[in-house]
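Structural characterization, general
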Amino acid sequence: MKKLAFAGLAIGMCFSAPALALEHEIVIDHPAGPIAADYEGSVRVETRQVGTAGVAGRPSTLRCQWSAALDLERTAKLGETLQTRRVMTRDDVASGSTSGWCNSSARTIDRLVEARRDSFRSAMLAMVEQDRTIILAEAENAAVNGRDG
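Residues numbered from 1 in each chain as written. Predicted model: local features only at pLDDT ≥ 70, side-chain atom pairs only at ≥ 80, totals over all residues. Heavy atoms only, no water.

**Topic: the overall build of the chain**
- Along its length, the chain carries three helices and four strands.
- Its helices and strands taken in sequence order, the chain reads α-β-β-β-β-α-α from the N to the C terminus.
- Residue burial in the chain is summarised as follows: out of 149 residues, 30% are buried.
- In the chain, the proportion of contacts linking residues at least 24 apart, taken out of those at least 6 apart, comes to 65%.
- If you sum the accessible surface of the chain, you get close to 9700 Å²; carbon and sulfur atoms cover 54% of it. (Helix = DSSP H or I, 4+ residues; strand = E, 2+ residues; numbered from the N terminus. Buried < 20%, exposed > 50% of the residue type's maximum accessible area, 1.4 Å probe, protein only. Contact = heavy atoms within 4.5 Å. Areas by Shrake-Rupley, 256 points an atom, 1.4 Å probe, with all protein chains shown as cover.)

**Remarks on the sheet that holds strand 4 (residues 82-99)**
- Judged by pairing direction, the sheet is antiparallel, and its four strands sit side by side in the order 1-2-3-4 without closing on themselves. Edge positions in the sheet fall to strand 1 (21-28) and strand 4, since each has one partner strand and no second. Pairs of neighbouring strands in the sheet enclose a mean axial angle of 20°, with direction left out of account.
- As paired elements, strand 3 (residues 63-78) and strand 4 share 15 bridges and run antiparallel to each other. Residue pairing in the sheet places glutamine 65 in a bridge with serine 97 of strand 4.
- Lying on the sheet, helix 2 (residues 106-115) is in contact with strand 2 (35-50), strand 3 and strand 4; it crosses strand 3 at an angle near 50°. (Pairing = 2+ DSSP bridges. Axes fitted to C-alpha atoms, helices over the stretch in contact; angles between N-to-C directions.)

**A few points about the state of the cysteines**
- Taken as a whole and assessed by the stated rule, the structure comprises one disulfide.
- With a sulfur-sulfur separation of 2.2 Å, cysteine 64 is cross-linked through a disulfide to cysteine 102. Residues cysteine 64 and cysteine 102 share a disulfide whose torsion about the S-S bond is about 110°; that sign makes it right-handed. With a gap of 38 residues between them, cysteine 64 in strand 3 and cysteine 102 in the loop between strand 4 and helix 2 connect regions that are remote in the sequence. As far as the burial class goes, cysteine 64 and cysteine 102 line up, both buried. (Disulfide = S-S within 2.5 Å.)

**Some thoughts on the environment of leucine 125**
- Mapped onto the secondary structure, leucine 125 falls in helix 3 (residues 117-148).
- Taking relative accessible area as the criterion, leucine 125 reaches 37% and is therefore assigned partly exposed.
- In sequence terms leucine 125 and tyrosine 39 are 86 residues apart; their C-alpha atoms lie 9.9 Å from each other.

**Examining helix 2**
- Every buried residue of helix 2 is listed here: Ala106, Ile109, Asp110 and Val113. One side of helix 2 carries all its buried residues, which in axial view fall inside an arc of 105°. Summarising the geometry of helix 2, the exposed residues directed more than 90 degrees from the buried face are Arg107, Arg111 and Ala115. (Arc of directions from axis to C-beta.)

**Section: the confidence of the model for the chain**
- With 85% of its residues at a pLDDT of 70 or more, the chain has an overall mean of 83.
- Scored below 50 in pLDDT, residues 1-16 makes six contacts in the model with residues more than four places away or belonging to other chains. (pLDDT = per-residue confidence, 0-100.)

Following this line, the structure appears as structure tokens:
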């Protein structure tokens, strides 16, 4: 019985992770050479069950509140001298609620998240733009440490 419950939980987890994946590449000009940065984004959905199931003759107040965050992983490379990784997160890029149980609303939530693809793309591009100064600082730091060493 425990194995079936665990298998059901694993299947439920699969449905709660939308297939929305985002990728972006940039090249930044730098005196030491071009810096290539690759970004891979993934959406993380969190749900919270609210309300109660109605007893016979009473309506249910069950709702599933959800919010979707964007996790973005960056790898930047400047020739053979610099390779850095960074993970960034932007919470609550999209949110909403559906009626009923969260575990039975997973596909609906996935469709709602997919419908907001442009919001996630915009959030990713804003994060990429903010990351540009950090990449340049990392390259400058590597150049300074390279001269000292």
